[in-house]
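Inside the fold
Residues per chain, in single letters:
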Amino acid sequence: MTATLAATGVPKLARGVRLRHDEARGQWVLLAPERVLNPDPVAVEILKKVDGARSIDAIVDELASAFTVERTTVATDVDAFLSGLAEKGLIEVTLPVIGDAAS
Amino acid sequence: MSLIEEPRSRVEVPARPAPPIPYGMLAELTHRCPLQCPYCSNPVELDRRNVELDTETWLRVFSEAAKLGVLQVHLSGGEPTARRDLEQMIRHCVEVGLYTNLITAGVGVTPERLQAISDAGIDHVQLSFQGATAEMTDKVSNFRGAHERKMAVAREVRRLGLPLTVNSVVHRANIHQIPDFIELALALDARRIEIAHSQYYGWALRNRGALMPTRDQVFWALDVVEEARVRLKGVLTIDAVVPDYYAKYPKPCMNGWGRQSLNVTPSGKVLPCHAAETIPSLDFWNVREHSLTDVWLNSPAFNAFRGTDWMPDLCKSCERKEIDWGGCRCQAMAIAGDAAATDPACHLSPLHADLLALAEADAEGSDIYDYRRYFQPDRAG
C-alpha cells in the first residue's frame, strides 16, 4: 500500500492534545478538546515516540527493532494510525526543509 | 499541601460498590460576568464576590481532583477571566496533570491577558457567541459591542495556536442562525462548535417563554445540524446539546448522576450538575469542609440519584435505564415537582403531554427577556 504521510515528516501532537498515564484507571489516555481517547497498547507505543523531533521513518525503525517486527508491517501500521490522527487534527506533521542554505 | 487528609480507608473499603471515577470537573470560578444572557446556566441566586473561594483553596481542589482521577478541568463561571489568579490556577492544573479548558465570554480579555493564559499552559479555549451577527450577540447578551470583542479574542486565540471551540446557545430568537454560526466557526478557524439548545433551568427557566422555539424550528435545526455534520466531517466537529421539550426520550443528563463529572461552585459547593441546587431536598457538601474524594464518594447529594436503585418502577423496568439514566433530575423537579420522578421529557412519563403543551404555549410567549444581572458593578476589580 502507498503511505499517506511522508516518511521524512516529523509528527507532533497538536496544541491542546496531550498523552498521559492515567494513574486512577491504570491506563494511557490521549486528551483532546472535550475528548478522552483510550489508545490501545500499540497506539501508545507509537504515541510515546511522537515528540516533534523524530521523523516517521525514525519511529518505524525504532519500533521495528524494539519489537522485532517486519519493518514494512510496522510502517503500514504507523502510517494508518498517524494519518487517522492527522485527519482528526490531533497531530501535525511537518516536513524537513530540503537543502541547507548554510552549507 | 492538602489541608484535609483524604480518607483512605473509605476509598479502599467502600460501604457500597465503588462508584465510577469522574472524568471531568466544571470549576465555576466566579459568578461575576459582564454579559446578561437570559439563558445563563448559573442559578438565579448568584454567589457574591466575598463568598468566592480563595486561590489556595482552589489549588487544593485541583490537586484533589487530579488524585481522584479527574482528567479534564473546565474553568468557567460567570466569566473566569474576572479572577486575577486564573493563570496561577492554570499553571497548577498543568503541574498536577489536568487538561485545562477555558470557557470564556471573551469580553474584556486583552491580547496581553490571552498571552499570559496561553503561557500558563491552557489547552483549549471555548468562546461563547450569543449570535452569529453583531446585532444578535449584542441583543442577547445585552452588551453593546460584545460581538466585535469576541471576534478579536477568537482571532487572538488562533494566532496563539490554541484550539478554539465556538459555543453557541440557540433559542427562538437566534435558532435560524445555526448555518451562520457554523460559517462563523469555519471563518474563525475553530475546529469545533457546540450548538446547545437552551436548557430550562435557572435563568433560562425564568425566561422560558421568551426562549422556547417552535416545534418546526427545532426539527429544522436538527436537520441542518445533521447535514452539516456529514458535510464538514474532518473539518469541523459539531457537538449538539439537544432540546428535549419536543423529544421522545429524555437526555441522559450528565450521562448519569454522580457518574462522570462534578461541579464546584464559586463558593465551594460540590454539585453533581450545575443546576442541582434547584432540588431543595439535597444537602451539598462544601470543599471548605470536605475533600473532593469524600464528597464524591460519601455526600448524600451525590448518592441520591446515583446508579439505578433510586428510580421509579417506570424507569427501573425500562431497557433504556442505563442509556437515559432516567433523564434529568432537575427537570423532574421543575416540571413534576419531584426530583425522583421520571423526566417528563420521556414519552412514557404521565406528564409528557403537559410538557409538550407547555412548550407549545411558551413558543407563543413574549419576546421580552428578564436579563441575568450580577448585583452592583464590581468597582474593586
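Nothing here was measured: the structure is a model prediction, and the numbers come from that model.

Within chain A, the regular secondary structure consists of 3 helices and 5 strands. Listing every helix and strand of chain A by position from the N terminus yields β-β-β-β-α-α-α-β. Considered along the principal axes of its C-alpha atoms, chain A spans approximately 50 × 30 × 25 Å. Relative to its 103 residues, chain A shows a buried fraction of 35%. Taking the intrachain contacts of chain A between residues at least 6 apart in sequence as the baseline, contacts between residues at least 24 apart amount to 56%. Put simply, chain A has 11 plus and 15 minus side-chain charges, and the middle of one group is 8 Å from the middle of the other.

It is worth spelling out the pairing of strand β4 (residues 124-129) of chain B at this point. For a regular strand, the rule is simple: side chains alternate between the two faces of the sheet. Residues and elements named next belong to chain B. The buried fraction of β4 is high, at 6 of 6 residues. Burial along β4 is two-sided: H124, Q126 and S128 and V125, L127 and F129, pointing in opposite directions, are all buried. Note that strand β3 (residues 99-104) and β4 share 4 bridges and pair parallel. Across the sheet, the residue bridging to N101 is H124, located in β4. With helix α4 (residues 111-120) bridging β3 and its parallel neighbour β4, the resulting β-α-β unit is right-handed. Where β4 meets strand β5 (residues 164-170), 5 bridges bridge the pair, whose relative direction is parallel. Bridging across to β5, Q126 finds its partner in T165.

All names here are of chain B. Of all hydrophobic cores here, the largest spans 65 residues; its most connected members are M25, F62, L75 and L292. Top contributing element to this core by residue count: helix α2 (residues 55-68), with 7 residues. Beyond its immediate chain neighbours, meaning those up to four positions away, M25 contacts V61, F62, A65, V70, Q72, V73, H74, L262, V264 and L292. Grouped together as the second largest cluster of nonpolar side chains are 25 residues, F143, L211, M212 and Y246 included.

Glancing now at the layout of surface pockets. Left-over empty space is what a probe sized like a water molecule reveals as it rolls over the atoms. Approximately 730 Å³ is the volume found for the second largest pocket. Around the second largest pocket, the lining is made up of 35 residues, and of these R35, K88, G89 and L90 of chain A together with T237 of chain B lie nearest the centre. Looking at the lining of the second largest pocket, the elements that each hand over two or more residues are β3 (27-32), β4 (35-37), α1 (41-48) and α3 (71-87) of chain A together with β5 and β7 (237-241) of chain B. Sort the elements by how many residues they give to the lining of the second largest pocket and α3 of chain A lands first, with 5 residues.

With that out of the way, let us pick up the interface of chain B and chain A. Interface size is commonly expressed as the accessible area that is lost once the parts come together. Listed per partner, the contact involves 30 residues of chain B and 17 residues of chain A. Taking both partners together, chain B and chain A bury about 1,900 Å²; carbon and sulfur atoms supply 45% of that area. Contact with chain A buries area across many residues of chain B, yet L71, Q72 and Y99 of chain B alone supply 29% of it, more than any other trio. At the junction of chain B with chain A, the criterion picks out 2 salt bridges. A salt bridge links D123 of chain B to R18 of chain A, with the shortest nitrogen-to-oxygen separation between them at 2.7 Å. In this assembly, chain B and chain A are joined by 15 residue pairs in polar contact (both at pLDDT 80 or more). If you list the elements that add at least two residues to the side of chain B that touches chain A, you get β2 (72-76), β3, β4, β6 (192-197) and β7 of chain B. Counting residues per element, the side of chain B that touches chain A draws most heavily on β3 of chain B, which supplies 3 residues.

To describe a pair of aromatic rings, one takes the distance between the centres and the angle between the planes. All names here are of chain B. Enumeration according to the criterion identifies 6 aromatic pairs over all chains in this entry. Ring centres of Y200 and Y245 lie 5.3 Å apart, and the angle between their planes is 70°; this geometry places the pair in the edge-to-face category. Of this pair, Y200 sits in the loop between β6 and α8 (202-206) while Y245 sits in the loop between β7 and β8 (261-264), placing them 45 residues apart in sequence. Across this residue pair, the class does not change: Y200 and Y245 are buried. Pairing W257 with F305 gives two aromatic rings, centres 5.1 Å apart and planes at 90°, and the pair type is edge-to-face. With W257 in the loop between β7 and β8 and F305 in the loop between α12 (300-304) and α13 (313-316), the pair connects residues that are 48 residues apart, well separated along the chain.

Moving on: the confidence of the model for chain B. All names here are of chain B. Per-residue confidence for chain B averages 92 on the pLDDT scale, and 94% of its residues sit at or above 70. Long-range and interchain partners of residues 1-15, a stretch whose pLDDT sits below 50, account for 22 contacts in this model, where long-range means more than four residues apart. The ipTM for the predicted assembly is 0.87, set against a pTM of 0.91.

Moving on: unusual backbone geometry. Residues and elements named next belong to chain B. A cis amide bond links G77 with the next residue in sequence, G78, at an omega value of 10°. Within the fold, G78 resides in the loop between β2 and α3 (86-95). Residue D189 is not a glycine yet carries a positive backbone phi of 60°. Given a relative accessible area of 45%, D189 falls into the partly exposed group. A positive phi angle, close to 55°, is found at N255, a residue other than glycine.

Definitions and limits used
Residues numbered from 1 in each chain as written. Chains lettered and ligands numbered in written order. Predicted model: local features only at pLDDT ≥ 70, side-chain atom pairs only at ≥ 80, totals over all residues. Heavy atoms only, no water. Helix = DSSP H or I, 4+ residues; strand = E, 2+ residues; numbered from the N terminus. Buried < 20%, exposed > 50% of the residue type's maximum accessible area, 1.4 Å probe, protein only. Contact = heavy atoms within 4.5 Å. Lys, Arg positive; Asp, Glu negative; His and termini not counted. Charge placed at Lys NZ, Arg CZ, Asp CG, Glu CD. Pairing = 2+ DSSP bridges. Right-handed = clockwise from strand over helix to strand, strands pointing away. Core = buried A, V, L, I, M, F, W, Y, C linked by side-chain atoms within 4.5 Å. 1 Å grid on protein atoms, 1.4 Å probe; cavity = no way out; pocket = protein on both sides within 12 Å on 5 of 7 lines; lining within 4 Å. Points joined across faces, edges and corners; volume = space filled by probe spheres on them. Buried area = accessible area lost by both parts, 1.4 Å probe. Salt bridge = Lys/Arg side-chain N within 4 Å of Asp/Glu carboxyl O. Polar contact = N/O pair within 3.5 Å; in protein donor to acceptor, adjacent residues only side chain to side chain. Phe/Tyr/Trp six-rings, centres within 6.5 Å; stacked < 30°, edge-to-face > 60°. pLDDT = per-residue confidence, 0-100.

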